[in-house]
Amino acid sequence: MGNSLEDMVEFDLRRRGITDARLLAAFGKADRKAFVPALDREKAYEDRPLQLTHGQTVSQPYMVALMLQELKLQGSEKVLEIGTGSGYQTALLAELAKEVWTVERIEFLATTAEDRLLDLGYKNIRYRLGDGSLGWPEGAPYDRIVVSAACPDVPDALVEQLGEGGILAVPVGDPNGQVLVVGVKQSGVFEKRRTIDCMFVPLIGAQGFAHWPEQQQKDRAP
Ligand code: SAM
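For the structure given in this document, a descriptive report is provided here. (Residues numbered from 1 in each chain as written. Predicted model: local features only at pLDDT ≥ 70, side-chain atom pairs only at ≥ 80, totals over all residues. Heavy atoms only, no water.)

## Observations concerning the pattern of salt bridges
Taken as a whole and assessed by the stated rule, the structure comprises 9 salt bridges. Between aspartate 47 and arginine 16 there is a salt bridge, and its shortest N-O distance comes to 2.7 Å. A residue pair is termed long-range when its members are at least 10 positions apart, and aspartate 47 in the loop between helix H2 (21–29) and strand E1 (50–51) and arginine 16 in the loop between helix H1 (5–13) and H2 qualify at 31 residues. Residues glutamate 77 and arginine 144 are paired through a salt bridge, measuring 4.0 Å at the closest nitrogen-oxygen approach. With glutamate 77 in the loop between helix H3 (61–71) and strand E3 (78–82) and arginine 144 in strand E6 (residues 142–147), this pair connects stretches of sequence that are 67 residues apart. (Salt bridge = Lys/Arg side-chain N within 4 Å of Asp/Glu carboxyl O. Helix = DSSP H or I, 4+ residues; strand = E, 2+ residues; numbered from the N terminus.)

This is the structure:
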């Protein structure tokens, strides 16, 4: 659907079961058009991922909404986000939580997103350039952690940095597809469940993929 921001919120989110009023209001405020490349501005409200530079993507709005819905944000939380990308989801998190700590491994994306979010007036975000598969230990514990790239397994470092009662959402799987794993830390134990199927670009790092397995296979071919 998605010819306007209002249509995107109404048809691609609300009428498909995203009912949390705070979540819908955040999507109505953080305008996706500000985060997509200039050449794709007319596609900004379409419910699909759009290409950034360096082979990365701005995620599909419905998928972002499903992930954020799992976080059950009330407004008082400290959130760690892995994979800043364009900064779109970062802006949504900044609308929904008290503070956001976001990590991106590609310098161009990290600085572009930071400049953009500062221009838009967001003041409750901290930025780091680095390997987010190791989290951001200095800010721990976090009330919520969300990873917007695919992992081979739930990174131990992120479970360690999750606070008591905290929620972690992370796509886990291989290049052909992943499942969004959502877990809660209760009395020090991380209890996880598998939710929906999803498809993300890889988390490249010490507790992610060394590089994307397809590429690994190609490199090994004679
Ligand atoms: N949520 C983002 C948005 O709204 O634009 C899209 C994120 S994109 C699907 C995944 C991002 O994760 C990419 O920007 C990629 O560079 C980043 N990434 C991959 N491995 C990473 C790592 N180890 N640490 C931090 N970021 C990583």
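Still more to cover.
## Digging into the site of the ligand
Around the ligand, the surrounding shell holds 26 residues, and the nearest of these are Ser86, Glu104, Asp131, Gly132 and Ile204. The side chain of aspartate 131 places a nitrogen or oxygen atom 2.9 Å from a nitrogen atom of the ligand. Take serine 148: an N or O atom from its side chain is 3.3 Å from a nitrogen atom of the ligand. Protein contacts shield 100% of the accessible area of the ligand, which totals 600 Å² for the unbound molecule. Contributing elements (two or more residues each) for the shell around the ligand: strand E2 (57–58), helix H4 (88–96) and strand E4 (99–104). Looking at the shell around the ligand residue by residue, the class counts come to 10 nonpolar, 13 polar and 3 charged. (Near = heavy atom within 4 Å. Polar contact = N/O pair within 3.5 Å; in protein donor to acceptor, adjacent residues only side chain to side chain. Areas by Shrake-Rupley, 256 points an atom, 1.4 Å probe, with all protein chains shown as cover. Nonpolar A, V, L, I, M, F, W, Y, C, P; charged D, E, K, R; others polar.)

## So, the packing of aromatic side chains
If you walk through the whole model with that rule in mind, you get 4 aromatic pairs. Taking 6.3 Å as the distance between ring centres and 75° as the angle between the ring planes, the aromatic pair formed by phenylalanine 27 and tyrosine 88 counts as edge-to-face. Of this pair, phenylalanine 27 sits in helix H2 while tyrosine 88 sits in helix H4; the two residues are 61 residues apart in sequence, bridging distant segments of the chain. By the burial criterion, phenylalanine 27 is buried, and tyrosine 88 matches it. (Phe/Tyr/Trp six-rings, centres within 6.5 Å; stacked < 30°, edge-to-face > 60°. Buried < 20%, exposed > 50% of the residue type's maximum accessible area, 1.4 Å probe, protein only.)

## Looking at the pairing of strand E9 (residues 189–198)
Note that strand E8 (residues 177–186) and E9 share 8 bridges and pair antiparallel. When the bridges of E9 are listed, glutamine 186 appears paired with valine 189. The antiparallel pairing of E8 with E9 creates a hairpin that spans 2 residues between the two strands, and serine 187 there sits at a positive phi of about 50°. (Pairing = 2+ DSSP bridges.)

## Quick look at H2
Buried within H2 we find Leu23, Leu24, Ala26 and Phe27. Seen from one end, H2 has its buried residues packed into an arc of 155°, which puts them on one side. Among the exposed residues of H2, those oriented more than 90 degrees off its buried face are Ala21, Ala25 and Lys29. For H2, the secondary structure elements touched by its buried residues are H1, H3 and H4. For H2, the capping residue at the N-terminal end is aspartate 20, with a side-chain oxygen 2.9 Å from the backbone nitrogen of arginine 22. (Arc of directions from axis to C-beta. Contact = heavy atoms within 4.5 Å.)

Take it as geometry only, folks, not as evidence of what the structure does.
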